[in-house]
Amino acid sequence: MAQPPPPVNPAHLQDLSAAAAALFALDDGGAAPGRDYALDLQAAVRGFDGAGGDSAGRPLFARVDGAIFSRPTYKAFVALLDNYTAQTGVSESSTPAQAAEESAFLDACLATRPLRYVHTLLSARGAAPPALPDFKAALHQMWFRRYTRAARDDTSGFEHTFVGEVGSGDAAGRVVGLHNWVRFALLERAGHANFHGHIPPKRARADPGDRVVSIQFSAFGAAAKDISSMFVGTSPELELALYTLVFMGGSEETRFAVDGVGVCIKAFRIRSKYGDKVGSAFPMLLGKGDGVGGYSTPYGGGGRPPQNGRPPRPQNGGAGPGGSSQPSCGDVVVYLIKLLLKALK
C-alpha cells in the first residue's frame, strides 16, 4: 500500500538543496551502518593517481545483512541487475519480462515516501505530471529508455548509474558509471569487484558511518575506476528520488549536507523529443563542513528556484558538465575535475 507523503514544505519549492537534504528523513527503507552493514575503508588513496595498484586487502563491505534484500524495493532492484550487457557498444532491448521488472521496480518505489514526496513537490513546481500514472511514465522514459553511448541503444540512465558498464573508445577496458552501494556490495560478494581504497573527504578522514564514500575499484574484469562516489545505506527509492528531484527540477547540480558532509548531486541530460533521458547521475563527495545553506538532516540544502512559475532549464543540454553562476562542485575538489569526463564516458 502506498504511503502518503507529508505535505510539501513551502521552502522546498524554492530550494532543491533543502528538499534533497530533507528526503533522508523519509527513507524508511534505508540501511543503518553498524546494524545492517559495516564498511572496512582501509587505505586512503588519491583518485587522480589512476590504477596505481590495489591498496586494500579486504572488501569494502565487511558485512551486509542479507535480510535487507527481502525488502520490496531492494528485491525489485536486484531483479533488474541481470538485464544488461556490461560492455558498451552492444545494442540492447528489453524483453517483455524485463519490461515487467522495470514496471514493478517503479511501482515499488512509488509506494514509498521519498518518491511520493518528490512527485508532489515536482508537480507543485510544474516540473512533473500531477497524475501518478503519468509521472511513472516520465520516470520510465528518463531512466529506462535507452540512448546511444558507443552503439545505438546500448545504455540507459539506470544501467549507467545503478548497474555500471565497461567503456569503449577512449574509456575502453575501464569501468564507467556504477554509483550504487547495493550493486557494488553484491559484486563484491560474487567476486566480480575488487576494492582498491577510498578517497577521503576534503579536510577530513572518512568514517565507516559516512553516508557517502568515494572509492577506487575494479569490476567486470576491467581496469580500475579511478574514482566513483556513491551513497551508502540509502534505499533504492531514496536514490531514485534524489536523482529525479535534481534532474526534473531543472538543476544540473545540487549541493547539500548529509551528516555534516558536503555532497553535490550531478545529473546530466540526454535530449529527446520523446522526453529527456538521464545520461548519468551520481553524488560527488565534497568536504566535511561543506554543506550548502546550513541545511542538515537527522542523518545528516541550493538548487535554483522556479522562474516565472517554471523550473529553470539546465545550463548544458548534453551529458557533460555545464556552466554555472556559482562555483562548480568540482572546483571544491580539484582532482575530480581531472577525472570527470572519464567518469562520464
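Residues numbered from 1 in each chain as written. Predicted model: local features only at pLDDT ≥ 70, side-chain atom pairs only at ≥ 80, totals over all residues. Heavy atoms only, no water.

## Section: the nonpolar core
To keep things clear, this is the line we draw: Only buried Ala, Val, Leu, Ile, Met, Phe, Trp, Tyr and Cys residues count toward a nonpolar core, and they belong to the same one when joined by side-chain atoms within 4.5 Å. Remark: exposure states derive from per-residue accessible area (1.4 Å probe, protein chains only) relative to the maximum for the residue type, with buried under 20%, exposed over 50%, and partly exposed in between. Starting at the N terminus, helices and strands are each numbered in turn, a helix being any DSSP run of H or I of at least four residues and a strand any DSSP run of E of at least two. By definition in these notes, contact holds between two residues if any of their heavy atoms fall within 4.5 Å.
Formed by 81 residues in total, the largest nonpolar core has its most connected members in F61, F105, W143, F158, F184 and F256. No other element matches the 9 residues that helix α9 (residues 236-248) contributes to this core. Once you skip the residues sitting within four places of it in the chain, F184 turns out to touch L60, F61, L178, A193, F195, I215, F217 and M230. Grouped together as the second largest cluster of nonpolar side chains are 5 residues, C264, F282, M284 and L286 included.

## A word on the pattern of salt bridges
Condition: Salt bridge, as used here, is a side-chain nitrogen of Lys or Arg placed within 4 Å of a carboxyl oxygen of Asp or Glu.
Here the structure, examined in full by the defined rule, presents 11 salt bridges. Across the pair D36 and R35 runs a salt bridge, and its minimum N-O distance is 2.7 Å. A residue is classified by how much of its surface remains accessible, and R35, at 53% relative accessible area, is exposed. Here D276 ties to R269 by a salt bridge, and the two come within 3.2 Å at their closest N and O atoms. There is no split in this pair, since D276 and R269 are both buried.

## Things to note about the packing of helix α4 (residues 96-110) against helix α6 (residues 132-144)
Counted only if it meets this: Each axis is a line fitted through C-alpha atoms, and for a helix only the stretch in contact is used; angles between axes span 0 to 180 degrees, taken between their N-to-C directions. To sort the angles, those under 35 degrees are grouped as roughly parallel, those over 145 as roughly antiparallel, those from 65 to 115 as roughly perpendicular, and the leftovers as oblique. The handedness criterion is simple: a crossing whose near helix is rotated anticlockwise from the far helix by less than a right angle is left-handed, and one whose near helix is rotated clockwise is right-handed.
Contact pair α4 / α6: the axes reach a minimum separation of 11 Å and the direction vectors enclose 125°. When the interaxial angle is binned, α4 and α6 end up oblique. For α4 against α6, the interelement crossing comes out right-handed. Residue-level contacts link E102, S103, F105, L106, D107 and L110 of α4 to L132, F135, K136, L139, H140 and F144 of α6.

## So, the packing of helix α3 (residues 72-80) against α4
Here is the rule: Here the nonpolar group is Ala, Val, Leu, Ile, Met, Phe, Trp, Tyr, Cys and Pro; Asp, Glu, Lys and Arg are the charged ones; every other residue, Gly included, is treated as polar.
Axis separation between α3 and α4 bottoms out at 9 Å; the angle between their running directions is 155°. By the angle between their directions, the pair α3 and α4 is classed as roughly antiparallel. Here the hand of the crossing between α3 and α4 comes out left-handed. Facing P72, T73, A76, F77, A79 and L80 of α3, the residues of α4 in contact are E101, E102, A104, F105, A108 and C109. Each residue belonging to the contact of α3 with α4 can be placed in one class, and the counts come to 9 nonpolar, 1 polar and 2 charged.

## Things to note about the packing of aromatic side chains
For clarity, the cut-off: Centres within 6.5 Å are what make two rings of Phe, Tyr or Trp a pair, Trp counting through its six-membered ring; a difference in plane orientation under 30 degrees is then read as stacked, over 60 as edge-to-face, and the rest as tilted. Geometrically, a lysine NZ or arginine CZ counts as sitting over a ring once it is within 6 Å of the ring centre and also within 35 degrees of the ring normal.
Counted by the stated rule, this structure contains 18 aromatic pairs. Seen in terms of ring centroids, F184 and F217 are 4.9 Å apart; in terms of plane orientation they differ by 65°. Their pairing is edge-to-face. Note that F184 is positioned in helix α8 (residues 181-190) and F217 in strand β6 (residues 212-219), a separation of 33 residues in sequence. Each member of the pair, F184 as well as F217, is classed as buried. The structure contains a cluster of three or more aromatic residues connected by ring pairs, namely F24, F77, Y84, F105, W143, F144, F158, F162, F231, Y243 and F256. For the cation-ring pair, R269 lies above F247, with the distance from its terminal atom to the ring centre recorded as 4.0 Å.

## Notes on the side chain of R211
The condition is simple: Residues scored as positive are Lys and Arg, those scored as negative are Asp and Glu, and His as well as the terminal groups of each chain are ignored. Counted as a polar contact is a pair of N or O atoms within 3.5 Å, where, for protein atoms, one must be capable of donating a hydrogen and the other of accepting one, and residues adjacent in sequence contribute only when both atoms are in side chains.
Inspection of the secondary structure puts R211 in the loop between β5 (193-199) and β6. As a buried residue without a salt bridge, R211 has its nearest oppositely charged side chain in D27, at a separation of 4.8 Å. One polar contact links the side chain of R211 to the main-chain carbonyl oxygen of G233, over a distance of 3.4 Å.

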